Amino acid sequence: MNQDSPAMNPIELLSFGLAGQAYAVDIMAVREIRGWVEPTALPGTPDYVCGVINLRGTVLPILNLATRLGLEAHQVSDRSVVIVLTVASRTFGITVDAVSDILTVDPAAIQPPPDGVQEHSKGFVSALCLLDDQMIRLLSPDTLITQDGALAA
Amino acid sequence: MRQPEPMADLRATFFDECDELMEAFQDGLDDLGRGGGTHETVHALFRSVHSIKSGAATFGFDGLTKYAHNLENTLTRLRNDKSLPSLAEISDLLRASDHLAALVTAARQGSDVCDAHDTQSAAPENARKLDIRRGADEQSDAASVHLKPATDLWKQGLSCREVLSDLGAIGQCEVRLDDDAIPTIETYDPEQMMLTWQIDVTCHTSPIEEWIGKQHAALGLAMNTADQVVPPEVKQPERNSATTAAPTPKATIRVELERVDRMINLVGELVINQAMLAQTMEGTDLTGNLAYGSGLDDFLRLTRDLQDSVMQIRAQPVKPLFMRMARICRETAHTVEKPVDLIMEGADTEIDKTVIERLTEPLTHMIRNAVDHGIEPPDQRKAAGKAANGTIKLRALHRSGQVIVELSDDGAGIDRASVQRKAETQGIIGPNARLSDAEIDALLFHPGLSTAKTVSDVSGRGVGMDVVRSAIHALGGRLMVESRPGQGTRFSIALPLTLAVLDSMIIGAQGHTLVLPLSAIRETLHVRPSQVVELPTSSGGSRRLLRYNDRVIPICDLADELGFSPRRSDLDGALALIVTHEDTATSAIIIDEILEQRQVVIKGLQDGFATHPCIAAATILGDGRIALIVDPYELTPATAQGSTQAAVPLAQTG
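These numbers come from a predicted model, not from an experiment. (Residues numbered from 1 in each chain as written. Chains lettered and ligands numbered in written order. Predicted model: local features only at pLDDT ≥ 70, side-chain atom pairs only at ≥ 80, totals over all residues. Heavy atoms only, no water.)

## Here we look at the sheet that holds strand S7 (residues 390–399) of chain B
Residue and element names in this part refer to chain B. Judged by pairing direction, the sheet is mixed, and its five strands sit side by side in the order S5-S7-S8-S10-S9 without closing on themselves. Among the strands making up the open sheet, the edge pair consists of strand S5 (340–345) and strand S9 (478–484). Taken over all neighbouring pairs, the strand axes of this sheet differ in orientation by 15° on average, direction set aside. Lying on the sheet, helix H13 (residues 319–336) is in contact with S5 and S7; it crosses S5 at an angle near 170°. (Pairing = 2+ DSSP bridges. Helix = DSSP H or I, 4+ residues; strand = E, 2+ residues; numbered from the N terminus. Axes fitted to C-alpha atoms, helices over the stretch in contact; angles between N-to-C directions. Contact = heavy atoms within 4.5 Å.)

## Focus on helix H4 (residues 87–108) of chain B
Under the 1.5 Å per step criterion, the end-to-end length of H4 of chain B is 31 Å for 22 residues, consistent within 8% with the ideal 32 Å. Positive phi shows up at Gly110 of chain B, right after H4 of chain B, with a value of about 90°. (Expected span 1.5 Å × (residues − 1).)

## What to know about the environment of Arg11 of chain B
All names here are of chain B. In this fold, Arg11 is placed in helix H1 (residues 6–33). Overall, Arg11 belongs to the partly exposed group, its relative accessible area being 30%. Separated by 45 residues in the primary sequence, Arg11 and Ala56 place their C-alpha atoms 9.3 Å from one another. Not counting the four nearest positions on each side in its chain, Arg11 is found in contact with Phe59 and Phe61. (Buried < 20%, exposed > 50% of the residue type's maximum accessible area, 1.4 Å probe, protein only.)

## Considerations on unusual backbone geometry
Unlike most non-glycine residues, Ala19 of chain A shows phi in positive territory, near 50°. Mapped onto the secondary structure, Ala19 of chain A falls in the loop between strand S1 (11–18) and strand S2 (21–26). A relative accessible area of 33% means that Ala19 of chain A is categorised as partly exposed. You will see that Glu337 of chain B, though not glycine, has its phi angle at about 55°, which is positive. Among the secondary structure elements, Glu337 of chain B is positioned in the loop between H13 and S5.

## A few points about the sheet that holds strand S5 (residues 58–63) of chain A
Residues and elements named next belong to chain A. Across the sheet, which stays open at both edges, the five strands sit in the order S3-S6-S7-S5-S4 with mixed pairing between neighbours. Looking at strand neighbours, the two that pair on one side only are strand S3 (30–35) and strand S4 (49–55), the edges of this open sheet. Between one strand and the next, the sheet's axes are offset by a mean angle of 30°, whatever the strand orientation. With five bridges connecting them, S3 and strand S6 (residues 81–87) associate as antiparallel partners. Of the residues in S6, the one forming a bridge with Arg34 is Val82.

## Topic: the confidence of the model for chain B
Residues and elements named next belong to chain B. In the predicted model, chain B carries a mean pLDDT of 72, and 73% of its residues have values of at least 70. Residue range residues 114–140 is modelled with pLDDT below 50. Its contacts to residues more than four positions away, or to other chains, number 51 contacts. Confidence drops under pLDDT 50 across residues 216–246; counting only partners more than four residues distant or on other chains, this segment forms 66 contacts. (pLDDT = per-residue confidence, 0-100.)

Here it is as structure tokens:
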């Protein structure tokens, strides 16, 4: 990737659906996509931490993305999907309803969210991506674990 | 094997050897200090320093070579002197060894201290009493060379004549022959070189240094091996035993840590795999088949043996760490001018190498703190009726699957009033807050709090105990403090024995599978209602206690404590695990069922993210699911305050 002229390079996003809304993350942060397994509950953690699962011998924390984003009354189910992300050398999973597509997007199509929204969404959504017929919320995954000291050491 | 930089490898080996030699050197000094040394000990000291010097010269560390050389000369004098070194001399030698160690470290970091002034200024006392440095030799035209060839010099086709004539060419020589080592005629082996020379050359220093360097390049192997008794790496054991009567060290090899770690990981996976296999077998009707059953048992035993052996590779005695701490203690005591005796116990205790490495920094902080803050100045000690010399005790021991490292001093204890005042002025606590002793002690770990009245060189800059505590937590350990006014303070670090395996009891609580260390559990029992006492608490709830033998211990409902389910109201017949700490029952943990007893592989929770304090780690069970490992000591209300002893007053009511 060319750091000098990011505007010129299209970026790739993994888009997914959650509670009827469309979201996406930078594909560079995605390590793998897994089916749902019942995690082991972790006492003493915030409500959006589902627990931990065994990812080939390592202990992987799973965040309930819907709860984390404040989308109420949306439960994970057997049909949920776990997207494993690595951000700032930390690996964790987020639960989504379904993975949709890999999108190649021109950076020009990505806009910062309007003023005031940022505050409300605690910075989880860093930008909006306008495609033909839909608007995709671009998540900034690092905020998921750093905001409110979520998984901060 | 590809060796991109052979010299770098050799150099690394040299520094590893230096560490061992320095350790041997300090051991010897300790022996002498305790009055247990003999002349052989002095010889061993000499050999250690000589080996360091030879190696240093080979790699061109001039500063190190020079200092080691001077120290060697001093030791030669001691060796020739028939009496053992006095206590004052030993303490000088200790300081000299500290300096030598510092030079070794400097050389390792690539900054060989060549400046003779540095070397001199760092050891002024040494110079006065023992003339460890070269002293006048440095400026004038005299140099002293100690020549001790290898015993098998002749077998290697080398001769001393050339060496001596070379020296003669450099300047006027005064040669003294040391024939002490020549045995009696009965045991005399004419093929062995037993002579050493002490040669004082009148010349400029530089050609001598050059010459020594050259000789080492040419004669290097011969000159080095002559005295190498101490390094445990015995490449040629027969040569080693021929040269000396000192105890022959065991054969060792050096292996990259990474390889060992890979092996440990694999064995860990094997253990999980074995458990999975056993679980699968149980699901079939093969369990009745004797051959399968015994085969599986053998497999289990072998896996365990394998795991134990692999873990032992990583385990190392804490001795080098303690030696380093002794040095820091001496240095600090010297800086703050408080005489301090350091007593070390359990230096043979073995801990995982990683743990040892990561303990260095926190322990250094703690030692400095103990000397600077803990021990009072001598006059104050005398006024309090104590010996002028402060005593600091460093102790390591294994206890119930953990390693405990204790650091205690016989100083004034924590000045709790002062700590509280300080915390108030720094705004850490509100004015007139009423705190228990344990709460005040806990303030010591608050970032930014320092109790020393003046900021000294040594400590008191406001970084310290909080850093120590987070370092210990990062290792999966706990730091506890106990203090009695006027009698001293004791810090205990409880660390997991290894970072890898645990003998455990796997239990169920409200549908959740949890793991408890087996070592913590003394007994399991069914609770009878008559054993339970209920006490109201100030917060409006109630606290339940269990009568166990002649004591009363708190009851902890595990599922409730972890937030899995509300507290059960009826304890009749409930299953309780009696948790003991130092043979003292501290709590009864209520669970639903015991599933099995088994060894589990400890998997750390990533980056220690904020979870319940009693969740120590996790493991992967036979079915591939994760189970959490519970630290039962953290469950006990008393230990949550930071002192393991706090449970005692309650317990004594029984």
